[in-house]
Amino acid sequence: MAVKGLGQPDKKYDGTGIKVCIVHARWNRQVIDALVKGAIDKMLSLGVKEEDIFVETVPGSFELPFATKKLCENGKFNVVIPIGVLIKGSTMHFEYISDATTQALMRLQESINIPVIFGLLTCLTEEQALARAGLDEAKSMHNHGEDWGAAAVEMAVKF
Ligand SMILES: O=Nc1c(NC[C@H](O)[C@H](O)[C@H](O)CO)[nH]c(=O)[nH]c1=O
């Protein structure tokens, strides 16, 4: 049995009534769209109402922290899922955006006081990104957006 991976939740959480913000980048759009759909479909299956899921987009992952702060600082949402896909290129751009965005999203939880689900894929190849969105031919991995949707419901219900 594989060791790595998300364990089953301690119970099935009912997402009825929770308000969710998804803010996603538009870079690597094919992968982004699959991840967003995976997160939404999972949350709907856990009782979240479609009208309680608000979706906004930004150009790229580097814009996720600022947009997340502006969208969530007024207390309208119980949880936020920033989603971005970073794919390593030939420069250090990937490393700087990945680290800066990750740190900013983690710190943001202190100021907006709601759970921030980490929906940033930091991939070394396009194949890694496709696999983590459930888009590769071999279906070698599940759509990680589903994990983020489940985590969002659990965190919003519990805290
Ligand atoms: O470079 N690669 C990527 C990227 N660059 C753009 C950056 O996030 C930002 O939008 C611009 O620098 C403008 O501020 N954004 C991503 O989401 N994924 C990438 O793979």
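Criteria and thresholds
- Residue positions are given per chain, counting from 1 as you read along its sequence in written order.
- Only residues with pLDDT of at least 70 are given local features in this predicted model, and only at 80 or more are side-chain atom pairs given and counted; all residues enter the totals for whole chains, interfaces and linings.
- With hydrogens and water excluded, all non-hydrogen atoms of the structure serve as input to the side-chain values.
- UniProt positions are given in the numbering used here, feature names are shortened, and annotations may be inferred rather than shown by experiment.
- Note on definitions: angles span 0 to 180 degrees between N-to-C directions of axes, and those axes are lines fitted to C-alpha atoms, for helices only across the stretch in contact.
- Each helix is a run of H or I in the DSSP string that is no shorter than four residues. Each strand is a run of E no shorter than two, and both are numbered from the N terminus.
- Small angles under 35 degrees read as roughly parallel and large ones over 145 as roughly antiparallel, with 65 to 115 read as roughly perpendicular and the rest as oblique.
- Take the far helix as the reference: if the near one is turned anticlockwise from it by less than a right angle, the crossing is left-handed, and if turned clockwise, right-handed.
- We call two residues contacting when some pair of their heavy atoms lies within 4.5 Å.
- When residues are grouped by polarity, Ala, Val, Leu, Ile, Met, Phe, Trp, Tyr, Cys and Pro land in nonpolar, Asp, Glu, Lys and Arg in charged, and all others, Gly among them, in polar.
- Throughout, near means a residue has at least one heavy atom within 4 Å of the molecule or strand.
- Throughout this description, a polar contact denotes any pair of N or O atoms lying within 3.5 Å of each other; where both atoms belong to protein, one of them has to be capable of donating a hydrogen while the other can accept it, and for residues adjacent in sequence the pair is counted only when both atoms sit in side chains.
- Note on areas: these come from Shrake-Rupley sampling with a 1.4 Å probe, and a residue is covered only by the protein chains present in the view.

Looking at an unreviewed UniProt entry, one finds the protein chain named 6,7-dimethyl-8-ribityllumazine synthase, with Lachancea meyersii CBS 8951 as its source organism. As recorded by UniProt, the Pathway (unreviewed entry) comment attached to the protein chain reads in full: "Cofactor biosynthesis; riboflavin biosynthesis; riboflavin from 2-hydroxy-3-oxobutyl phosphate and 5-amino-6-(D-ribitylamino)uracil: step 1/2."

**Student:** What is the right way to look at the packing of helix H1 (residues 29–45) against helix H5 (residues 144–158) in this model?
**Tutor:** To describe two helices that pack against each other, one gives the angle between their axes and the distance between the axes. It is the contact of H1 with H5, at a shortest axis distance of 7 Å, that shows an interaxial angle of 40°. If you check the angle between H1 and H5, you find them oblique. Every pair of crossing elements has a handedness; the one defined by H1 and H5 is right-handed. The segment H1 lies against H5, with Leu35, Gly38, Ala39, Lys42 and Met43 engaging His144, Gly145, Glu146, Trp148, Gly149, Ala150, Ala152 and Val153. Partitioning the contact of H1 with H5 into residue classes produces seven nonpolar, four polar and two charged.

**Student:** Got a minute to help me understand the site of the ligand in this structure?
**Tutor:** Around the ligand, the neighbouring residues are Trp27, Asn28, Gly60, Ser61, Phe62, Glu63, Val85, Leu86, Ile87, His93 and Ile97. One of the side-chain nitrogen or oxygen atoms of serine 61 is found 2.7 Å away from an oxygen atom of the ligand. Residue valine 85 places a main-chain N or O atom 2.8 Å away from a nitrogen atom belonging to the ligand. Protein contacts shield 77% of the accessible area of the ligand, which totals 450 Å² for the unbound molecule. Secondary structure elements with two or more residues in the shell around the ligand: strand S3 (79–87) and helix H3 (93–112). Examining the composition of the shell around the ligand, we find that three residues originate from one element, S3, more than from any other. Per-class residue counts for the shell around the ligand are six nonpolar, four polar and one charged.

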